[in-house]
Amino acid sequence: MSASVTSDTPVSDVPIPGARRSDATASGAPTATHAPAIAKSWHPWRWVISAIALVLLAQFVHGLATNPGWDWSTFAKYFTAKSVLSALKVTLELTFWGTALGFLIGTVLAIARLSNNPVLRVISWVYIWAFRSIPLIVQLLFWFNIAYLYHTISLGIPFGPSYFTFEVNGVISGFTAAVIGLALHQAAYAAEIIRAGYISVDPGQLEAAAALGIPRVRQFRTVIVPQAMRSILPNATNEVISLFKGTSIVSVMAIAELFYQVQVIYGRSGRVVPLLMVATVWYIVLTTILSVVQFYIERHYAKGAHRTPPPTPVQKVWRRLRDLAEIGAAAPRGATR
């Protein structure tokens, strides 16, 4: 049998078996209802692991500050040296052109793979399969030595007369060969990223837009792109960061990018570790900037999924400080917590 409480009896006045009523309650005086205190669970191993991690981190930082092998004076000397900054500019240019051309070609390849034309689908698939199978360094060296295969480049009618002829060595320099290799390699991965973002959009969205009579261009701009970008952006940013770090491979082509220039300097001075730290810190700084840009772009495209965009790290800090200030202002004088 089950016991029920009638609507005339307040829930707070229902006697609990085994519970002792206070004198105020027994005498009929009104009392405030307090929520029961919840006992917090203890996690001793969590604190032990955190303490060990902090000790190891402190030892690493202490070694950075006290070990003379790091040679921070040499690091400071070359970190903003003119030759290093010039090489950093070359690295950024390689990253920019490799990314821009790679994603442009990748977009065309993704459209070809999604088209109904079987010839375009096969060509796109073969391109992606081939360029993802060949190592990047092999592609770079191939384009760097393309003059061994083709001495001249001719523009004209296919299998017919040519109107303009150029010397390959005069047109494709080392920098141009590096851009071509990076862009074609990046295009294979960009095509799959873009295709995956497109097919992640629910087909019902396009059907609804077509039923409303929205033009195809507007469908692509207002329906497909905002939803596909939420899937494309994280993977695309990872590819850009990988390309930025992968530009160090072009050092085999004697192009004066960041890593190559660092090698030249420590080859003359013998200060290997501090010069490697120069390159490492620059890579970390620029990768961090790319990550921040990624966060704000993702936050922009999150508006379609959330009524209010997620707070930025700065907003989280200010909100936390404001909450602490409100708690401090609400606490009575002399009260302990």
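Note that this is a predicted model, so its numbers are computed, not measured.

Chemist: Describe the pattern of salt bridges, listing the residues and the values that go with them.
Modeler: Going through the model one piece at a time under the given rule, you end up with four salt bridges. Two residues, Glu-192 and Arg-113, come together in a salt bridge whose shortest N-O distance is 3.0 Å. On the criterion of sequence distance, the pair formed by Glu-192 in helix H8 (residues 174-199) and Arg-113 in helix H4 (residues 82-114) is long-range, its members being 79 residues apart. For Glu-192, a relative accessible area of 17% corresponds to the buried category. One network of salt bridges, in which partners are shared, links Arg-113, Glu-192 and Arg-195.

Chemist: Account for unusual backbone geometry, with residues named and values stated.
Modeler: One non-glycine residue, Asp-71, adopts positive backbone phi at about 50°. Secondary-structure assignment places Asp-71 in the loop between helix H2 (44-66) and helix H3 (72-79). Using a relative accessible area of 14% as the deciding quantity, one classes Asp-71 as buried. Positive phi outside glycine occurs at Ala-254, with the angle close to 60°. Positionally, Ala-254 belongs in the loop between helix H10 (216-246) and helix H11 (258-269).

Chemist: Go over the pairing of strand E1 (residues 152-156), please, and point to the residues and values.
Modeler: Of the pairings in the sheet, the one linking E1 to strand E2 (residues 162-167) comprises five bridges and is antiparallel in character. Along E2, the bridge assignment pairs Thr-152 with Glu-167. Two successive antiparallel strands, E1 and E2, enclose a turn made up of five residues, where Phe-159 displays a positive phi of approximately 60°.

Chemist: So what's going on with the packing of helix H6 (residues 136-144) against H8? Which residues, and what values?
Modeler: Packing of H6 against H8 leaves a shortest axis separation of 8 Å and a crossing angle of 140°. Here H6 lies oblique to H8, going by the angle between them. Here H6 and H8 pass one another in a crossing that is right-handed. Contacts from Leu-136, Gln-139, Leu-140, Trp-143 and Phe-144 of H6 reach H8 at Gly-174, Ala-177, Ala-178, Ile-180, Gly-181, Leu-182, Leu-184 and His-185. Residue classes in the contact of H6 with H8 are distributed as nine nonpolar, four polar and no charged.

Chemist: Explain the nonpolar core to me, using residue names and the numbers behind them.
Modeler: In terms of nonpolar packing, the biggest core is built from 18 residues, with Tyr-78, Val-84, Leu-258, Val-262, Leu-275, Val-278 and Trp-282 touching the most fellow members. If you tally residues by element for this core, the top one is helix H12 (residues 272-301), at seven residues. The next biggest cluster of nonpolar side chains, apart from the first, holds 16 residues, and it includes Leu-136, Ala-147, Leu-243 and Ile-255.

Chemist: Give a description of the side chain of Gln-139 that names residues and reports values.
Modeler: Positionally, Gln-139 belongs in helix H6. Note on Gln-139: relative accessible area 5%, which makes it buried. There is a polar contact of 3.1 Å between the side chain of Gln-139 and the backbone oxygen of Phe-131. When neighbours within four sequence positions are excluded, Gln-139 is seen to be in contact with Phe-131, Ile-134, Gly-181 and His-185.

Chemist: Could you give an account of the packing of aromatic side chains, naming the residues involved and the relevant values?
Modeler: Under the defined criterion, the tally for this structure stands at ten aromatic pairs. Relative to Trp-72, the ring of Trp-70 lies with its centre 6.0 Å away and its plane at 15°, an arrangement referred to as stacked. A residue is classified by how much of its surface remains accessible, and Trp-70, at 22% relative accessible area, is partly exposed. Between Tyr-127 and Phe-131, the ring centres sit 4.3 Å apart and the planes meet at 25°, which makes this aromatic pair stacked. Residue Tyr-127 and its partner Phe-131 are located together in helix H5 (residues 118-133), separated by four residues, close to a single helical turn. Of the two residues examined, Tyr-127 and Phe-131, each falls in the buried class. Each member of the aromatic cluster is reached from another via a ring pair, and the members are Trp-70, Trp-72, Phe-75, Phe-79 and Trp-282.

Chemist: Report on H3, specifying residues and quantitative values.
Modeler: What H3 keeps buried is the set Thr-74, Phe-75, Tyr-78 and Phe-79. Buried residues of H3, seen end-on, are gathered within an arc of 125° and therefore sit on one face of the element. Exposed residues on H3 whose side chains face more than 90 degrees from its buried face are Ser-73, Ala-76 and Lys-77. Against H4, H11 and H12 lie the buried residues of H3.

Chemist: Break down the environment of Trp-125 for me, citing the residues and quoting the values.
Modeler: Tracing the chain through its elements places Trp-125 in helix H5. Look at Trp-125 and you get partly exposed, because its relative accessible area is 45%. Along the primary structure Trp-125 and Ala-188 are separated by 63 residues, whereas in three dimensions their C-alpha atoms are 9.2 Å apart.

Chemist: How would you sum up the confidence of the model for the protein? Please name residues and give values.
Modeler: Mean pLDDT over the protein works out to 80, with 84% of the residues at or above the 70 mark. Within the protein, the element-level pLDDT minimum falls on helix H1 (residues 23-26), averaging 47, and the maximum on H5, averaging 93. This stretch, residues 1-14, has a pLDDT under 50; its non-local contacts, to residues over four places away or in other chains, come to three contacts. Confidence over residues 18-27 falls short of pLDDT 50; this stretch has three contacts with residues more than four positions distant or in other chains.

Conventions used here
Residues numbered from 1 in each chain as written. Predicted model: local features only at pLDDT ≥ 70, side-chain atom pairs only at ≥ 80, totals over all residues. Heavy atoms only, no water. Salt bridge = Lys/Arg side-chain N within 4 Å of Asp/Glu carboxyl O. Helix = DSSP H or I, 4+ residues; strand = E, 2+ residues; numbered from the N terminus. Buried < 20%, exposed > 50% of the residue type's maximum accessible area, 1.4 Å probe, protein only. Pairing = 2+ DSSP bridges. Axes fitted to C-alpha atoms, helices over the stretch in contact; angles between N-to-C directions. Parallel < 35°, antiparallel > 145°, perpendicular 65-115°, else oblique. Left-handed = near helix turned anticlockwise from the far one by under 90°. Contact = heavy atoms within 4.5 Å. Nonpolar A, V, L, I, M, F, W, Y, C, P; charged D, E, K, R; others polar. Core = buried A, V, L, I, M, F, W, Y, C linked by side-chain atoms within 4.5 Å. Polar contact = N/O pair within 3.5 Å; in protein donor to acceptor, adjacent residues only side chain to side chain. Phe/Tyr/Trp six-rings, centres within 6.5 Å; stacked < 30°, edge-to-face > 60°. Arc of directions from axis to C-beta. pLDDT = per-residue confidence, 0-100.

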